[in-house]
Amino acid sequence: MREGLPGELIPAADAKALWDFVSGLREKLGAPPAKWSARAAEARAILAAHLGLPVEASAAERDAEAAVQDALEELSAFDRLGSECSWEDFLDAFERKLSRATRDAGDGRLGVRALDAMDARGQRSRAVVLIGLKEKLFPRQVLEDPLLRDGARAALRHPAGYWIGRKAAGHEEERLLFYLAVASAKERLVLVYPRSDEAGKASVPSTYLRELCRAAGLPAPGEDDTRRVPRQPTERLRSVPAEMLTPREASLLSVLEGGSPAEELRSVDSGLGSLTEGLERVAALNDRGGAGSHDGLTRPIAAELAKLKKSGLSPTALDLYATCPFRFFAARVLGLGEREEGSNQGELTPQARGLVYHAVLERFYSALTEEAWADKKDWGPAFDAAAEAVFGENDWRALGIYPLLWESARIDMSARLRGFIQWDLERLRAAGVRPRLYETRLQGGPPEGAPGGVPWKGVADRIDADESGGTFRVVDYKTRANARWKNLAKQAAAGELHQLPFYAELAGAALGEGWSFGGAELLFLEVEEGEERSAELSAEDWGLARGPFLKILAERVEAISSGRFPIRPEDGERGHCSWCEFPTVCRKAHGPSRARGLRAIVPGA
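Rules behind the numbers
- Residues numbered from 1 in each chain as written.
- Predicted model: local features only at pLDDT ≥ 70, side-chain atom pairs only at ≥ 80, totals over all residues.
- Heavy atoms only, no water.
- Helix = DSSP H or I, 4+ residues; strand = E, 2+ residues; numbered from the N terminus.
- Buried < 20%, exposed > 50% of the residue type's maximum accessible area, 1.4 Å probe, protein only.
- Contact = heavy atoms within 4.5 Å.
- Salt bridge = Lys/Arg side-chain N within 4 Å of Asp/Glu carboxyl O.
- Expected span 1.5 Å × (residues − 1).
- Patch = residues over 30% accessible without salt bridge, like charges linked within 9 Å, V, L, I, M, F, W, Y side chains within 5 Å.
- Areas by Shrake-Rupley, 256 points an atom, 1.4 Å probe, with all protein chains shown as cover.
- Axes fitted to C-alpha atoms, helices over the stretch in contact; angles between N-to-C directions.
- Parallel < 35°, antiparallel > 145°, perpendicular 65-115°, else oblique.
- Left-handed = near helix turned anticlockwise from the far one by under 90°.
- Pairing = 2+ DSSP bridges.
- Phe/Tyr/Trp six-rings, centres within 6.5 Å; stacked < 30°, edge-to-face > 60°.
- Lys NZ or Arg CZ within 6 Å of the ring centre and 35° of its normal.
- Polar contact = N/O pair within 3.5 Å; in protein donor to acceptor, adjacent residues only side chain to side chain.
- Disulfide = S-S within 2.5 Å.
- pLDDT = per-residue confidence, 0-100.

**Section: the overall build of the protein chain**
At step 1: Helix and strand content of the protein chain: 24 helices and seven strands.
At step 2: The buried share of the protein chain, reckoned over its 605 residues, is 34%.
At step 3: Pairs at least 24 apart in sequence give 69% of the contacts found in the protein chain among residues at least 6 apart.

**Comments concerning the pattern of salt bridges**
At step 1: Throughout the structure, instances matching the rule amount to 31 salt bridges.
At step 2: In this structure, Asp-295 engages Arg-587 in a salt bridge whose closest nitrogen and oxygen atoms are separated by 3.5 Å. Of this pair, Asp-295 sits in the loop between α11 (271-285) and α12 (302-311) while Arg-587 sits in the loop between α23 (583-586) and α24 (591-599), placing them 292 residues apart in sequence.
At step 3: Notably, a salt bridge pairs Arg-546 with Glu-505, separated by 2.9 Å at the nearest N-O pair. Taken together, the positions of Arg-546 in helix α22 (residues 539-562) and Glu-505 in helix α21 (residues 499-511) put the pair 41 residues apart, joining distant regions of the chain.
At step 4: In this structure Glu-505 comes out as buried when scored by relative accessible area, which is 17%.
At step 5: A single salt-bridge network, built from bridges that share partners, covers Asp-424, Arg-427, Arg-462, Asp-464, Arg-473, Glu-521 and Glu-536.

**Looking at helix α15 (residues 350-367)**
Along an α-helix, a turn takes 3.6 residues, which lines up residues three or four apart on a common side.
At step 1: Between its first and last C-alpha atoms α15 spans 26 Å; for 18 residues at 1.5 Å apiece the expected length is 26 Å, and the two agree.
At step 2: Among all positions of α15, only Ala-352, Arg-353, Gly-354, Val-356, Tyr-357, His-358, Val-360, Leu-361, Phe-364 and Tyr-365 are buried.
At step 3: Lining the buried residues of α15 we find α17 (380-393), α18 (396-399), α19 (403-431), β3 (433-444), β4 (456-466) and β5 (471-478).

**Comments concerning the environment of Glu-496**
At step 1: Structurally, the position occupied by Glu-496 is in the loop between α20 (488-493) and α21.
At step 2: Residues Glu-496 and Thr-323, 173 residues apart in the sequence, show an inter-C-alpha distance of 8.3 Å.
At step 3: Beyond its immediate stretch of four places on either side in the chain, Glu-496 contacts Asp-319 and Gln-491.

**Comments concerning a nonpolar patch on the surface**
At step 1: There is a patch of nonpolar side chains on the surface, built from Leu-18, Phe-21 and Val-22 and spanning about 270 Å² of accessible area.
At step 2: Considering the arrangement of structural elements, one finds Val-22 in helix α1 (residues 12-29).

**Some details on the packing of helix α3 (residues 59-76) against helix α4 (residues 87-100)**
At step 1: α4 packs onto α3 with a crossing angle of 130° between their chain directions and a minimal axis gap of 10 Å. When the axes of α3 and α4 are compared, the pair comes out oblique. For the element pair α3 and α4, the recorded crossing hand is right-handed. Residues Val-68, Ala-71, Leu-72, Glu-74 and Leu-75 of α3 touch α4, and the partners they reach there are Phe-90, Ala-93, Phe-94, Lys-97 and Leu-98.

**Overview of helix α14 (residues 325-333)**
At step 1: α14 sits mainly inside the fold: nine of its nine residues count as buried.
At step 2: Against α12, α13 (315-323), α22 and α23 lie the buried residues of α14.
At step 3: Of the residues trailing α14, Gly-335 is marked for its positive phi of about 65°.

**Some words on the sheet that holds strand β7 (residues 534-538)**
At step 1: The strand order across the open sheet built from five strands is β3-β4-β5-β6-β7, with neighbouring strands paired in mixed fashion. Of all strands in the sheet, those bounded by a partner on one side alone are β3 and β7. Shown here is a sheet whose adjacent strand axes are inclined to one another by a mean of 30°, direction ignored.
At step 2: Two elements, strand β6 (residues 516-524) and β7, share five bridges in a ladder whose sense is antiparallel. In the sheet register, Leu-523 faces β7, and the bridge partner there is Ser-534.
At step 3: On the sheet, α22 packs against β4, β6 and β7 and is oriented at approximately 80° with respect to β7.

**Remarks on the side chain of Ser-76**
At step 1: Residue position: Ser-76 is located in helix α3.
At step 2: Given the relative accessible area of 15%, Ser-76 is considered buried.
At step 3: Ser-76 has contacts with Trp-36, Ser-37, Ala-40 and Arg-44, leaving out every residue within four places of it along the chain.

**Here's the deal with unusual backbone geometry**
At step 1: Despite not being glycine, Lys-136 has its phi angle at roughly 75°, a positive value.
At step 2: In this fold, Lys-136 is placed in the loop between β1 (125-130) and α5 (150-156).
At step 3: Residue classification places Lys-136 among the exposed positions, given a relative accessible area of 59%.
At step 4: The backbone phi angle of Asp-375 is positive, close to 65°, even though this residue is not glycine.
At step 5: Residue position: Asp-375 is located in the loop between α16 (370-373) and α17.

**Brief notes about the packing of aromatic side chains**
At step 1: In the structure shown here, the tally under the stated rule is 23 aromatic pairs.
At step 2: The rings of Trp-36, Phe-78, Trp-87, Phe-90 and Phe-94 are connected pair by pair, giving a single aromatic cluster.
At step 3: Over the aromatic face of Tyr-365 sits the side chain of Arg-462, whose NZ or CZ is 4.9 Å from the ring centroid.

**A short note on the side chain of Ser-593**
At step 1: Among the structural elements, Ser-593 can be located in helix α24.
At step 2: Judged by relative accessible area, Ser-593 falls into the buried class, the value being 1%.
At step 3: For Ser-593, the side chain forms a polar contact with the side chain of Arg-596, separated by 3.2 Å.
At step 4: When neighbours within four sequence positions are excluded, Ser-593 is seen to be in contact with Leu-285, Asp-295, Ile-567 and Arg-587.

**Describing the environment of Gln-123**
At step 1: Relative to the elements of secondary structure, Gln-123 occurs in the loop between α4 and β1.
At step 2: Residue classification places Gln-123 among the partly exposed residues on the basis of a relative accessible area of 32%.
At step 3: Taking the C-alpha atoms as reference, Gln-123 lies 9.4 Å from Ala-183; in sequence the two are 60 residues apart.
At step 4: In this view, Gln-123 contacts Arg-113, Leu-115 and Ser-184; residues no more than four positions away in its chain are not counted.

**Let's talk about the state of the cysteines**
At step 1: Under the criterion given, the structure shown has zero disulfides.
At step 2: Here Cys-577 stays free of any disulfide, with the sulfur of Cys-586 as its closest cysteine sulfur at 5.9 Å.
At step 3: We classify Cys-577 as buried; its relative accessible area is 12%.
At step 4: Free of any disulfide, Cys-580 has its nearest cysteine sulfur in Cys-586, 6.1 Å distant.

**Some remarks on the packing of α17 against α19**
A pair of packed helices is characterised by two quantities: the angle between their axes and the separation of those axes.
At step 1: Two elements in contact, α17 and α19, have axes whose closest approach is 11 Å; the angle formed by their N-to-C orientations is 145°. α19 is crossed by α17, and the crossing has right-handed handedness. Along the contact surface, α17 presents Gly-380, Phe-383, Asp-384 and Phe-391, while α19 presents Trp-406, Arg-410, Met-413, Ser-414, Leu-417, Arg-418 and Ile-421.

**A short note on the confidence of the model for the protein chain**
At step 1: This prediction gives the protein chain a mean pLDDT of 82; 86% of its residues lie at or above 70.
At step 2: Across the protein chain, element-level confidence peaks in β5 with a mean pLDDT of 94 and bottoms out in helix α10 (residues 264-268) with 55.

If you want it as structure tokens, here you go:
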């Protein structure tokens, strides 16, 4: 469940019934391997217990049940193979059987099947519509292998050896597929080709289509078209006789020509009201006046505010609001869901690297012995044990990348972690500071109370404490450095940095009474030679930035409470709009909406 969003309450009886069904089915499917006929009998019993047909089942439903039973009977014949099967193998074969099963539609009943050219081989139909007849699509473009040309393939091919096919043979295959597709029509054949692609570029009709037209004595495609369909929606509707337009199409044409929805739409359904309302909203969206409810200025979000007062505001959420209030609204209020970057098996995502780094460092520092801390014992074995454990829990299967790439990433991350730990231990010993808490959940607020009564929350990566007692430092790991972290005090005062200020106010309570803030820092794990490994927010700098930070934060909490979430467009390579999850929702590309959003008052902007 996403943070801050309501869940659905499922009755206990329904949950128990579902659990009993799933657990019972899992127990049955966990049986050891058995004969195919025994598996088929068990499958029939399960289907009869949970998917029995009602008494008033139609003929088509009974026909479908018969197809399922026939498939199970065919699988029983696999006993002749002399081997047993697991449930996984049986269900896989059963699924393939069902996917290929067909039933007769019966006399007087019509049906349509959508197949590609390969699947349609051997099929016969009263009418066949063959689409996509353009060059490089059908026939497809067949190219020789640049490393093993067809001449070499022909020389290597031998009936007594490895039969290697020529790439050029694909031309004959395409011609045969076209012949089979055309010959499958018993009464009527319709051939369709696109005049242009999605970008509006003209398409070339397929050579097969041109050859077939010439053999049939018909004009070549495009030479004698009696009617062309215009590309523009308005012109397309105008080209159709009025009596052939549906009520909705007639209404749309009337609107596009500046009129009102056609009266006949009122007699068909209630769509007239929706269309009229939509036209009114379009007019409101095109207005260049002040920002309104269409621009993220909603009513006070009482229900959402009550949840925030219970769960708390995180630094990530406030960073989101500071970047663009509408993005906060879409993600945290509407719950539309933020984009999750996944691996394409060609790389390890920064999020995954960060999780692995955090886990290794937490395990290493929490297990570091006194001898290793005092530099009387090598800390290498402790690091090897922590890294091996974390890398074992997060292998290439769990992270979704190729094994070889994971091995390369693992070696690189291990080397970077070793370099970081060596640097970190040296400076900690020199400063007389030791890590005390790791991945610690914090919640609360400043001594004078959280602005707006909304508590703060967060998870501190590490809290270091002075060995002599009295002061603590907050540490936050970052995978790589960023230019915007050069002046943390200025960012905090401007309300552009929330994480370290939150932890500066909350971390002392996690340590106990009598602790005072001694500074906070960002530590960068992946740095190149000559780059800084840290960025610091000193206690003195935080003391100066604290007042302005709390003032802006109070304004933001008030804006969130009152429902002010206008868009704040920022385009360009480094602008947040280039990686925002909701570009089509906020209408940042719509001129009037953009202008209204820029005129809206946003705290800290």
